[in-house]
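Here is how the chains run, residue by residue.
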Amino acid sequence: MADSPTQALDADASPFPDSFYTPSASLPEACASFPCHQPDWNRCHFFLSVMHSYLVAGQCFVPGSDRFWGKMNALVATSRNFKRAAKLLGLDSKLEKSLLIPFREIKVECTIPKDDGTLASFVGFRVQHDNARGPMKGGIRFHHEVDPDEVNALAQLMTWKTAVANIPYGGAKGGIGCSPGELSVSELERLTRVFTQKIHDLIGIHTDVPAPDMGTNPQTMAWILDEYSKFHGYSPAVVTGKPIDLGGSLGRDAATGRGVLFATESLLADYGKSIKDQRFIIQGFGAIKNPKGIDIEKLLQHSAENHGIKGFNGGESINPSSFLTEDCDVLIPAALGGVINRENANDIKAKFIIEAANHPSDPEADEILSKKGVVILPDIYANSGGVTVSYFEWVQNIQGFMWDEDKVNAELKTYMTRSFKGMKEMCKTHNCDLRMGAFTLGVNRVARATVLRGWEA
Ligand SMILES: NC(=O)C1=CN([C@@H]2O[C@H](COP(=O)(O)OP(=O)(O)OC[C@H]3O[C@@H](n4cnc5c(N)ncnc54)[C@H](OP(=O)(O)O)[C@@H]3O)[C@@H](O)[C@H]2O)C=CC1
Ligand SMILES: O=C(O)CCC(=O)C(=O)O
């Protein structure tokens, strides 16, 4: 994987054509644009293997990389969407480059004693992508698949997402490559505290404000808050998604999901449809189906009591590998990135895809799905409810005044509805799909703020 994704993105520094670094350069296409001018799969396959040490893995689809087949590198995919938006907006190329390159990339080693006394080392990342519109904002992920390119892509997505939501933030994202399920609570606490010790002077209330993401939760935020406060004094606004007892906001826990609900309502209303008439697939809770509907209360209760959905009698279990391509009207991927790609896009039966997860579909899938007439509500709008209520939490902490839950939810609805309208207007202006509508909305706001702040050193 690329240690420095921005370096990997700088195609000027390489003898290879731009197309070689783009995700559309599938192997045969890359062959055609290669110096050997030999559109031969096997020769290029060999050549790519030999060049492994020169080219940066993950950016150039090195054979053997899990990014080669099907799943596109997250940073390449995100940057490609950004570049399409920059083109639609007619951005100056220097401004475009400046918006793409992250403000700061942090990589730290985190070693902790495990409960059995042995040592375990992990790598933690925080990529601070852009702060033109305000403090950088974004979650911290604990997951075994965390890699620098993906953290970089997620940080970039946060920049456009906060701009789409029109909240006064930039974008950042962090992560530690670990399997949280295999660590005890005390090991997770030590890991979180060591990570915080390594980054505490680079985050802050007006600099960079972390929050939960996959594998982290309010308890993780409480540890970060406590560790940070040892260095800087008690500072609840330094993280959001905290437990309510430490200044967390009512409604933050459910905010991402509630935002997805408002987003789905807006989209379906646009097509003269409503939620109650649709059949849904929601990824991220386990693979069961019931054509008559699932009793969510019972499922939640079963899951809490049994640590998962296994044994739930209100539905039949299905194969996780065919889950996304089951028959339905609305598909909501709500777990990992890259799950909808050129390998399965053709088999998707849904008419609408609501991206609750970050970057669940890549540009190759977008192209296939658009030809099939599938409408995709993009992540940087669809899942922006989480960071929007994080903003409300930060505001409450700074004001020292707590809002009631009805106010939080009502404000969230106002923000989600407003962003939907803004995104649709951009679709009209630029004659584009919803993904580009959201990207042009976000990128344009960040570009304007950047230019207004000026370039004086
Ligand atoms: N938290 C937030 O506020 C926001 C999160 N997001 C995005 O939403 C997505 C989910 O994040 P979040 O809800 O915080 O994460 P959580 O860790 O709370 O939940 C993730 C869920 O996904 C399941 N899961 C993990 N791996 C897979 C897999 N390979 N296939 C199917 N399901 C899987 C997990 O199951 P199990 O526990 O069994 O592993 C878990 O139930 C991410 O893409 C995140 O970036 C977006 C905006 C805001
Ligand atoms: O709540 C936040 O600050 C960030 C949430 C997040 O990581 C996301 O929207 O992807």
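Residues numbered from 1 in each chain as written. Chains lettered and ligands numbered in written order. Predicted model: local features only at pLDDT ≥ 70, side-chain atom pairs only at ≥ 80, totals over all residues.

Draft legend 1. Highlighting the sheet that holds strand S5 (residues 208–212). Across the sheet, which stays open at both edges, the five strands sit in the order S1-S2-S4-S3-S5 with mixed pairing between neighbours. Looking at which strands have only one partner, the edges of the open sheet turn out to be strand S1 (104–113) and S5. This sheet shows a mean twist of 20° between the axes of neighbouring strands, independent of strand direction. Bridge analysis of strand S3 (residues 136–143) against S5 gives five bridges, and the strand direction is parallel. Across the sheet, the residue bridging to Met136 is Asp208, located in S5. (Pairing = 2+ DSSP bridges. Helix = DSSP H or I, 4+ residues; strand = E, 2+ residues; numbered from the N terminus. Axes fitted to C-alpha atoms, helices over the stretch in contact; angles between N-to-C directions.)

Draft legend 2. Structural view of the nonpolar core. Membership of the largest hydrophobic core comes to 98 residues, with the highest contact counts inside it found for Val164, Ala263, Ile354, Leu377, Tyr381 and Val443. Among the elements that line this core, the one with the most residues is helix H7 (residues 148–164), at nine residues. Mapped onto the domain boundaries, this core takes at least three residues apiece from domain 2 (101–234) and domain 3 (254–382). Leu377 has contacts with Ala263, Leu267, Ile353, Ile354, Glu355, Ala382 and Leu434, leaving out every residue within four places of it along the chain. (Core = buried A, V, L, I, M, F, W, Y, C linked by C-beta atoms within 7 Å. Buried ≥ 20, exposed ≤ 12 C-beta atoms within 10 Å, placed from the backbone. Domains from an automatic or database assignment. Contact = placed C-beta atoms within 7 Å.)

Draft legend 3. Here's a closer look at the UniProt feature "binding site: NAD(+)" (unreviewed entry) in the chain. Within this structure's numbering, the places UniProt gives as "binding site: NAD(+)" (unreviewed entry) are Thr256. In contact with Thr256, not counting residues within four places along its chain, are Asn383, Gly385 and Gly386. (UniProt positions renumbered as here; feature names shortened; annotations may be inferred.)

Draft legend 4. Just the site of ligand 1, in detail. Close to ligand 1 lie 17 residues; Gly284, Ala335, Ala357, Asn383 and Gly386 are nearest. Here the shell around ligand 1 is built from residues that sort into eight nonpolar, eight polar and one charged. For the shell around ligand 1, the domains that each give at least three residues are domain 2 (101–234) and domain 3 (254–382). (Near = placed C-beta within 6 Å. Nonpolar A, V, L, I, M, F, W, Y, C, P; charged D, E, K, R; others polar.)

Draft legend 5. Representation of the pairing of S1 in the model. Pairing between S1 and strand S2 (residues 119–130): ten bridges, direction antiparallel. Among the inter-strand pairings, Lys107 is bridged to a residue of S2, identified as Phe125. The antiparallel pairing of S1 with S2 creates a hairpin that spans five residues between the two strands, and Gly117 there sits at a positive phi of about 95°.

Draft legend 6. Highlighting the packing of helix H5 (residues 74–89) against H7. Running from N to C, H5 and H7 cross one another at 30°; their axes reach a closest spacing of 7 Å. Comparing their axes, H7 and H5 come out roughly parallel. Across the interface between the two elements, Ala74, Leu75, Thr78 and Phe82 of H5 pack against Asp149, Glu150, Asn152, Ala153, Gln156 and Leu157 of H7. For the contact of H5 with H7, a count of residues per class yields five nonpolar, three polar and two charged. (Parallel < 35°, antiparallel > 145°, perpendicular 65-115°, else oblique.)

Draft legend 7. Up close: the UniProt feature "binding site: substrate" (unreviewed entry) in the chain. UniProt tags Lys137, Lys161 and Ser390 as "binding site: substrate" (unreviewed entry). Spatial clustering of the annotated residues is evident: they stretch over 254 residues in sequence, but the largest pairwise C-alpha distance comes to 12.8 Å. Along the chain, the position of Lys137 falls in strand S3. Excluding residues within four positions of it along the chain, Lys137 makes contact with Met158, Thr162, Tyr169, Gly170, Gly171, Ala172, Val209, Val387 and Ser390. By the element assignment, Ser390 lies in helix H14 (residues 385–399).

Draft legend 8. Spotlight on the site of ligand 2. The full set close to ligand 2 counts 13 residues, and Gly139, Ala211, Gly386, Val387 and Ser390 are the nearest of them. If you list the elements that add at least two residues to the shell around ligand 2, you get S3 and H14. Taken together, the residues that form the shell around ligand 2 break down as two nonpolar, eight polar and three charged.

Draft legend 9. Quick peek at the environment of Ser322. Examined against the element boundaries, Ser322 turns out to sit in the loop between strand S8 (316–317) and strand S9 (330–333). For Ser322, a count of 11 C-beta atoms within 10 Å gives the class exposed. Placed 89 residues apart in sequence, Ser322 and Glu411 show a C-alpha to C-alpha distance of 38 Å.

Draft legend 10. Fine view of H14. Over its 15 residues, H14 extends 21 Å from the first C-alpha to the last, a length consistent with the 21 Å expected when each residue adds 1.5 Å. Across the 15 residues that make up H14, a large majority, twelve, are buried. Taken together, the buried positions of H14 are occupied by Gly385, Gly386, Val387, Thr388, Val389, Ser390, Tyr391, Phe392, Glu393, Trp394, Gln396 and Asn397. Where H14 is buried, its residues touch S3, H7, S5, helix H10 (252–270) and helix H15 (405–430). Following H14 by one or two positions, Gly400 adopts a phi angle in the positive range, close to 65°. (Expected span 1.5 Å × (residues − 1).)

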